[in-house]
Amino acid sequence: VLFRLLQQSELYSQWHEVALAPLPAEWGAVPVEDFTWWISQLRQRQVITLDDAAQMPAEAENERLVMAAFGMRSLALVPMHHSQHLIGYVGFAATLIKAWTEHEIALLQIVGDLFANAYQRQRVEAALRQQEHYYRSLTENASDLVMLLDHRGRVQYVTPSITRLLNYRPDEVQ
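Residues numbered from 1 in each chain as written. Predicted model: local features only at pLDDT ≥ 70, side-chain atom pairs only at ≥ 80, totals over all residues. Heavy atoms only, no water.

**As for the overall build of the protein**
Across its full length, the protein carries five helices and eight strands. Partitioning the contacts of the protein with sequence separation of at least 6, the portion at a separation of at least 24 is 41%. A total accessible area of about 11,400 Å² is found for the protein, and carbon and sulfur atoms account for 54% of it. (Helix = DSSP H or I, 4+ residues; strand = E, 2+ residues; numbered from the N terminus. Contact = heavy atoms within 4.5 Å. Areas by Shrake-Rupley, 256 points an atom, 1.4 Å probe, with all protein chains shown as cover.)

**Quick notes on unusual backbone geometry**
For serine 83, which is not a glycine, the phi torsion comes out positive at approximately 50°. With a phi angle near 65°, glutamine 84 is a residue other than glycine that sits in the positive phi range. Following the sequence through the fold, glutamine 84 ends up in the loop between β5 (74–82) and β6 (85–94).

**Let's talk about the pattern of salt bridges**
Taken as a whole, this structure holds eight salt bridges when the rule is applied. Through salt bridges that share partners, Arg169, Asp171 and Glu172 make up one connected network. (Salt bridge = Lys/Arg side-chain N within 4 Å of Asp/Glu carboxyl O.)

**Some details on the pairing of β5**
Of all nine residues making up β5, eight are buried, and the element is well covered by its neighbours. As paired elements, β5 and β6 share nine bridges and run antiparallel to each other. Within β6, the position partnered with histidine 82 by the bridge is histidine 85. In this antiparallel pair of consecutive strands, β5 and β6, the connection spans two residues, and serine 83 shows a positive phi of 50°. (Buried < 20%, exposed > 50% of the residue type's maximum accessible area, 1.4 Å probe, protein only. Pairing = 2+ DSSP bridges.)

**A word on the nonpolar core**
Trp38, Ile48, Met56, Met67 and Leu77 are the most contacted members of the largest nonpolar core, which has 18 residues in total. Every element with two or more residues in this core is listed here: α1 (36–43), β4 (48–50), α2 (61–69), β5 and β6. (Core = buried A, V, L, I, M, F, W, Y, C linked by side-chain atoms within 4.5 Å.)

**Digging into the environment of glutamine 41**
Tracing the sequence through the fold places glutamine 41 in helix α1. Residue classification places glutamine 41 among the partly exposed positions, given a relative accessible area of 22%. Considering only alpha carbons, one finds glutamine 41 and leucine 77, 36 residues apart in sequence, at a separation of 9.7 Å. In contact with glutamine 41, not counting residues within four places along its chain, are Gln46 and Ile48.

**Details of a nonpolar patch on the surface**
A surface patch of nonpolar side chains, amounting to about 540 Å² of accessible area, comprises Leu145, Met147, Leu149, Leu165, Leu166 and Tyr168. Of all the elements in the fold, those that place two or more residues in the nonpolar patch are β7 (147–149) and α4 (161–166). Take leucine 149: it is sitting in strand β7. (Patch = residues over 30% accessible without salt bridge, like charges linked within 9 Å, V, L, I, M, F, W, Y side chains within 5 Å.)

Pasting the structure below:
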């Protein structure tokens, strides 16, 4: 299960064994404060591994109840961080008691890092597209003439206003 953290824990995607029921739709938006123990551990960059839900500390009662409701006996949660901020987590659960090996945890951390980097890249690309759209709209609708020249003085871009101001089409100048 892949969760992104916004103001709430948002179920981003899930994969599960056929024998396990998928998480219900209402898990698509779970308030972070419902899982204070998990979130506090994950914010501290702690990987949470529980071989048996019975091992959970008293302050994790909400988390234990959720695990019991879904028949989860063991779990591993891997935090996803970017720029020192928890942006989500990847969760793996089993219906049996399972001892998580160091090798498995290392692989899960790699998966979490890959998801965090991919998610952050999506965000950066979306912001870049938005800025590009903004500046393109700004220059294409400008009443003034704006030209972009390279280091040799060659025209790389000219605003469409060149037609109105100088009677040239932009492609004639470039």
